[in-house]
Amino acid sequence: MLNSVFDIKVIRFAAAVTVMGALSACATPPPAGDQDARAAYEEANDPFEPANRLMFSANVMVDQLVLQPAAVTYRDLFPDVLKPPVENFITNLFQPLSFLHALLQGDMDRAEQAAARFFTALPTLLLADTFPDRKPVFEDGGQTLAVWGFEEGPYVMLPLLGPSSVRDTFGTIGDFFADPVRLIAGSEVTTGRSVGNAVVTRSKNLEHVRELQRTSLDYYAAVRSLYRQQRAAQIRNGISEPAHSAPTIGLDLDEPDTDGGKKETAATN
Amino acid sequence: MRTIAAFVLVVAFSIGTSAARADSHIDTSVKFINSLSNQAIETLTDASITTEQRRAEFRRLFRDGFAVNGIARFVAGRYWRKASDADRAEYLKLFEDVIVNTWADRFSQYSGQKFEVRGATDATPEKSAEDVALVESLFFTSPTSPVRLEWRVASKGDLFKIVDVKLEGISMATTQRDEFNSVVSKNGRSLEALIEELRRRRDG
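**Comments concerning the layout of surface pockets**
The space that makes up the second largest pocket amounts to roughly 860 Å³. As for the second largest pocket, its lining consists of 39 residues, of which E43, A44, N45 and R228 of chain A together with D178 of chain B are closest to the centre. Only helix 2 (35-44), helix 3 (49-77) and helix 11 (219-235) of chain A together with helix 7 (172-186) of chain B provide two or more residues apiece to the lining of the second largest pocket. Here the element with the most residues in the lining of the second largest pocket is helix 11 of chain A; it accounts for eight residues. Of the residues belonging to the lining of the second largest pocket, the class tally is 13 nonpolar, 11 polar and 15 charged.

**Notes on the interface of chain A and chain B**
Taken together, the contact pairs 46 residues of chain A with 57 residues of chain B. Counting the surface lost from both chain A and chain B, the interface buries some 4,200 Å², and carbon and sulfur atoms represent 53% of this. Together, L217, I249 and L251 of chain A form the three largest contributors to the area buried by chain A at its contact with chain B, with a combined 19%. Linking chain A with chain B are seven salt bridges, by the criterion used here. Here R106 of chain B and E211 of chain A are joined by a salt bridge, their closest N and O atoms 2.6 Å apart. Elements with a contribution of two residues or more to the side of chain A that touches chain B: helix 2, helix 3, helix 10 (206-215), helix 11 and helix 12 (256-268) of chain A. In terms of residue class, the side of chain A that touches chain B is made up of 17 nonpolar, 11 polar and 18 charged.

**Here we look at the confidence of the model for chain B**
All names here are of chain B. Averaged over every residue, the pLDDT of chain B is 86; the share at 70 or more is 89%. Of the regions scoring below 50 in pLDDT, residues 14-21 engages in three contacts with residues more than four places distant in sequence or in other chains. Predicted complex, confidence summary: ipTM 0.82, pTM 0.84.

**A short note on the pairing of strand 2 (residues 162-165) of chain A**
Residues and elements named next belong to chain A. Bridging between strand 1 (residues 155-158) and strand 2 involves four bridges; their strand directions are antiparallel. Bridging across to strand 2, Y155 finds its partner in S165. Hairpin remark: strand 1 followed by strand 2, antiparallel, with three residues in the connecting loop; positive phi at L160, about 60°.

**Description of the pattern of salt bridges**
Under the counting rule described, the total for this entry stands at 40 salt bridges over all chains. Residues R78 of chain B and E43 of chain A are paired through a salt bridge, measuring 3.1 Å at the closest nitrogen-oxygen approach. Of this pair, R78 of chain B sits in the loop between helix 4 (68-76) and helix 5 (79-82) while E43 of chain A sits in helix 2, each in a different chain. When its relative accessible area of 16% is taken as the criterion, R78 of chain B is described as buried. Residue E43 of chain A is classed as partly exposed on the basis of its relative accessible area of 35%.

**Things to note about a negative patch on the surface**
Residues and elements named next belong to chain B. Taken together, the side chains of D23, D27, D122 and D131 present a region of like negative charge at the surface. Topologically, D23 is positioned in helix 2 (residues 18-44). Of the residues examined, D23 reaches a relative accessible area of 46% and is grouped as partly exposed.

**Some points on unusual backbone geometry**
In this structure, N45 of chain A is a non-glycine residue whose phi angle is positive, near 45°. Residue position: N45 of chain A is located in the loop between helix 2 and helix 3. Phi is positive for E168 of chain B, close to 50°, though the residue is something other than glycine. In this structure, E168 of chain B sits in the loop between strand 4 (159-167) and strand 5 (170-171).

**A closer look at the side chain of R228 of chain A**
All names here are of chain A. With respect to the helices and strands, the residue R228 is situated in helix 11. Of the residues examined, R228 reaches a relative accessible area of 17% and is grouped as buried. R228 has contacts with E43, A44, N45, E152 and Y155, leaving out every residue within four places of it along the chain.

Cut-off values and rules
Residue indices follow the written sequence of each chain, beginning from 1 at its first position. Lettering of chains starts at A and numbering of ligands starts at 1, both following the order in which they are written. Thresholds applied to this predicted model are a pLDDT of at least 70 for local features of residues and 80 or more for the giving and counting of side-chain atom pairs; totals over whole chains, interfaces and linings are not thresholded and use all residues. Each side-chain value is derived from all of the structure's non-hydrogen atoms; neither hydrogens nor water enter the calculation. Put simply, the grid is 1 Å and covers the protein atoms alone, a cavity is a trapped set of points that fit a 1.4 Å probe, a pocket is an open set with protein on both sides within 12 Å along at least five of seven lines, and lining residues have an atom within 4 Å of a point. Grid points are joined across faces, edges and corners, and a volume is the space filled by probe spheres set on the points. Where helices and strands are cited, they refer to DSSP runs of H or I of at least four residues and of E of at least two residues respectively, numbered from the N terminus. Residues are grouped as follows: nonpolar covers Ala, Val, Leu, Ile, Met, Phe, Trp, Tyr, Cys and Pro; charged covers Asp, Glu, Lys and Arg; every other residue, Gly included, is treated as polar. Throughout, a contact is declared for two residues whenever any of their heavy atoms are within 4.5 Å. Accessible area that two parts lose when put together, evaluated with a 1.4 Å probe and summed over both, is termed the buried area. What makes a salt bridge here is a side-chain nitrogen of Lys or Arg within 4 Å of a carboxyl oxygen of Asp or Glu, nothing more. pLDDT is a residue-level measure of predictor confidence that goes from 0 to 100. Whether two strands pair comes down to DSSP finding at least two bridges between them. Categorising residues by exposure relies on relative accessible area from a 1.4 Å probe, with only protein chains included: less than 20% of the type maximum marks a residue as buried, more than 50% marks it as exposed, and the intermediate range marks it as partly exposed. Patches were defined on residues exceeding 30% relative accessible area and lacking a salt bridge, with like-charge contacts within 9 Å and nonpolar side-chain contacts (Val, Leu, Ile, Met, Phe, Trp, Tyr) within 5 Å. Surface accessibility in these figures is a Shrake-Rupley result with a 1.4 Å probe; residues are shielded only by whichever protein chains are displayed. Working convention for charge: Lys and Arg count positive, Asp and Glu count negative, and His plus the chain ends are omitted. One atom stands in for each charge, and that atom is NZ of Lys, CZ of Arg, CG of Asp or CD of Glu.

What follows is the structure, encoded as structure tokens:
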């Protein structure tokens, strides 16, 4: 009973997100004549930017009021000896979903790794890290859709869940229904896992986020860029991009002679 | 300067067959990263120096080791092209100042974490006048879960410079460019807007 009530809530929530997305004010594209502005607009790939920024401010507020205090409490007051088992438990609980997605991506190696981690940890009630030398496998719906060739689509800022894209939003909704852990243990378990994961992850990047907030000229744009790059790296499973796709930064401005010239101009200004 | 002298020696020794020469930039890039990180740890993490001394030392290493101007131009994106020479010079100076202020102080928090170069691969784009190597390294913020750092080193003759750093697959140059692009596209769409913003950041 509880389960189905929760399902209905989630469906409503998803519907609300979709409607909100449709109704929200879109950014007005710059006129076609202004090529630079047009190119910048297309590169940002964020037509819902005004609505996204609004949602981002709300998320930042929730983070400051709820998530950040919870993360600080966890970091400073939760006994250190109990942290590894808690974190292993959360990681291990993600392995069935990762297994499913590794299979869907045709990646037998990673599917096997996810299954091995989960089943060897079962006797310890999922509290142990049974492969300390190997990084756990994290695969999700968005990554599978990417492997299947779906484009990422515009950037989307989801309420509470944070940065996403159209593709990753579909992945997240699909994951809610397909997660083996939810099907076996119920959505209370997956909800608990998500909340626990949010607190633990946040507790590990408290300093980084503070630094980013302090040093970025446009925090929203920085987060958008980081999210996209991080997802791209996850989709490649950490393997480096091919050389040709990396940005080209030449040395011509930094050769000793030009460098000296520049410094001189800079000094006179 | 000592580092440069070392590279000259290394490069001079490795000029042999053309095949050996093609790969020598990779080995030299690894030596270059090792030497730069050793210098950074040696000079910047000294707890007894003042913030100003640390910043000055960082600036020296940053200029020495990174293609600061090339990175700055990349980060400015399409707005670089239309900018005047005076604006460009002002922007380059501010860019360097802001990076120095942001990063130098972080080295005071360093407490002996291990840094380890794992290897390097060639990443020279086709038809490029410069060689590019990707140097892979691990930074052990904790003994069990190191952070993966990837250095993009461009070279031309005996000149070696870092052109980008990737942290767990996230490019610093790309992040900075995306952010700057957003700032500029909201404020008059010229480099001047960025200069204004950077000046505020440096002085405030």
